[in-house]
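Listed below are the residues making up each chain.
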Amino acid sequence: EDQVTQSPEALRLQEGESSSLNCSYTVSGLRGLFWYRQDPGKGPEFLFTLYSAGEEKEKERLKATLTKKESFLHITAPKPEDSATYLCAAPGATGYALNFGKGTSLLVTP
Amino acid sequence: GAVVSQHPSWVICKSGTSVKIECRSLDFQATTMFWYRQFPKQSLMLMATSNEGSKATYEQGVEKDKFLINHASLTLSTLTVTSAHPEDSSFYICSARVGTTDTQYFGPGTRLTVL
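Just so we're clear, the structure is a prediction, and the values are computed from it rather than from any experiment.

(A) Layout of the overall build of chain A. Within chain A, the secondary structure is distributed over 0 helices and 11 strands. Ordered by position in the sequence, the α and β elements of chain A form the string β-β-β-β-β-β-β-β-β-β-β. Expected size for 110 residues packed as a compact globule is a radius of gyration near 13 Å; at 13 Å, chain A falls within 12% of this value. For chain A, the spread of C-alpha atoms along the three principal axes comes to 45 × 30 × 20 Å. A total of 110 residues make up chain A; the buried ones form 46% of that total. Partitioning the contacts of chain A with sequence separation of at least 6, the portion at a separation of at least 24 is 54%.

(B) Up close: the interface of chain B and chain A. Contacts between the two partners involve 17 residues from chain B, matched on the other side by 19 residues from chain A. Buried surface at the junction of chain B and chain A, both sides included, amounts to about 1,400 Å², of which 58% is carbon and sulfur. On inspection of chain B and its partner chain A, the count reaches 1 salt bridge. For the salt bridge of D102 of chain B with R31 of chain A, the shortest nitrogen-to-oxygen distance reads 3.1 Å. For the pair chain B and chain A, the number of links is 6 residue pairs in polar contact (both at pLDDT 80 or more).

(C) Broad picture of the sheet that holds strand 3 (residues 19–25) of chain B. All names here are of chain B. Within the open sheet, the 4 strands sit side by side as 1-3-8-7. Their pairing is antiparallel. In this open sheet, the two strands that pair with only one neighbour each are strand 1 (4–7) and strand 7 (67–73). Adjacent strand axes in the sheet meet at a mean angle of 15° when their direction is disregarded. Both strand 1 and strand 3 contribute to a ladder of 4 bridges, which runs antiparallel. Bridge pairing links S5 to R24 in strand 3.

(D) A look at the packing of aromatic side chains. This structure, assessed with the given rule, holds 8 aromatic pairs over all chains. Ring geometry for F100 of chain A against Y36 of chain B: centres 5.8 Å apart, planes inclined by 85°, an arrangement best described as edge-to-face. Pair noted here: F100 of chain A is in strand 10 (residues 98–100) and Y36 of chain B is in strand 4 (residues 32–38), and the two residues belong to different chains. When sorted by exposure, F100 of chain A lands in the same class as Y36 of chain B, which is buried.

(E) Quick peek at the pattern of salt bridges. By the definition in use, this model includes 8 salt bridges over all chains. Here E55 of chain A makes a salt bridge to K57 of chain A, at a shortest N to O gap of 3.8 Å.

(F) Representation of the side chain of K66 of chain B within the structure. Assignment of secondary structure puts K66 of chain B in the loop between strand 6 (57–58) and strand 7. Here D88 of chain B takes part through its side chain, which lies 2.9 Å from a polar atom of the side chain of K66 of chain B.

(G) Layout of the nonpolar core. Core analysis: the largest hydrophobic core is formed by 39 residues, its most contacted members being Y36 and F100 of chain A together with Y36, L79 and L112 of chain B. When residues in this core are grouped by element, the largest group, 5 residues, is from strand 9 (residues 90–97) of chain B. Excluding anything up to four places from it in sequence, Y36 of chain A contacts P44, E45, F46, L47, T85, Y86, L87, L98 and F100 of chain A together with Q104 and F106 of chain B.

Cut-off values and rules
- Residues numbered from 1 in each chain as written.
- Chains lettered and ligands numbered in written order.
- Predicted model: local features only at pLDDT ≥ 70, side-chain atom pairs only at ≥ 80, totals over all residues.
- Heavy atoms only, no water.
- Helix = DSSP H or I, 4+ residues; strand = E, 2+ residues; numbered from the N terminus.
- Rg over C-alpha atoms; globule rule 2.2 N^0.38 Å.
- Buried < 20%, exposed > 50% of the residue type's maximum accessible area, 1.4 Å probe, protein only.
- Contact = heavy atoms within 4.5 Å.
- Buried area = accessible area lost by both parts, 1.4 Å probe.
- Salt bridge = Lys/Arg side-chain N within 4 Å of Asp/Glu carboxyl O.
- Polar contact = N/O pair within 3.5 Å; in protein donor to acceptor, adjacent residues only side chain to side chain.
- Pairing = 2+ DSSP bridges.
- Axes fitted to C-alpha atoms, helices over the stretch in contact; angles between N-to-C directions.
- Phe/Tyr/Trp six-rings, centres within 6.5 Å; stacked < 30°, edge-to-face > 60°.
- Core = buried A, V, L, I, M, F, W, Y, C linked by side-chain atoms within 4.5 Å.

Rendered as structure tokens:
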């Protein structure tokens, strides 16, 4: 069964304290691993797509990496405005619908 | 990046009435759109996949007669919640698939409250 699991559920960091969020997946024939950011009361905002093991993508303080079994979202020197829920998703073996993890709620305090 | 809009952003209605939510891809054509609902502090739950010019595919447990989906053009999909009840109150979010890729862009969501 296709599954996407994120950890931790919640993470509290002090401003400037770097950390990583984890997304493990069991999807046969991975066609992409997606990261989104969601602010309260808003739709998810697209961040990255990773397609193959070893691939890395960066955007400002965020860097996403992919292995054969998991993906990491590294946050370097986070700021309070990085506080949000980060969602990881992958399409199933058939179709285009995304299977979402439950998300990691990140809080960055000044 | 690709932009997806939703209208309305919020709606309050009486129990028993129907509500229509529009989802538009503003700067690209979307052959496939998706409808999700999200309860507080939970992740997105896929309701249905909407393909332009054909019937929507509903996920198990989603009543197709209650949640009517129409995808009449490459830039517009609509979700109609028929005979809404308080338990239908939720945050409804649409997404649109870009071209032949698997990347989906999401709308800002619609908060539905049924009194």
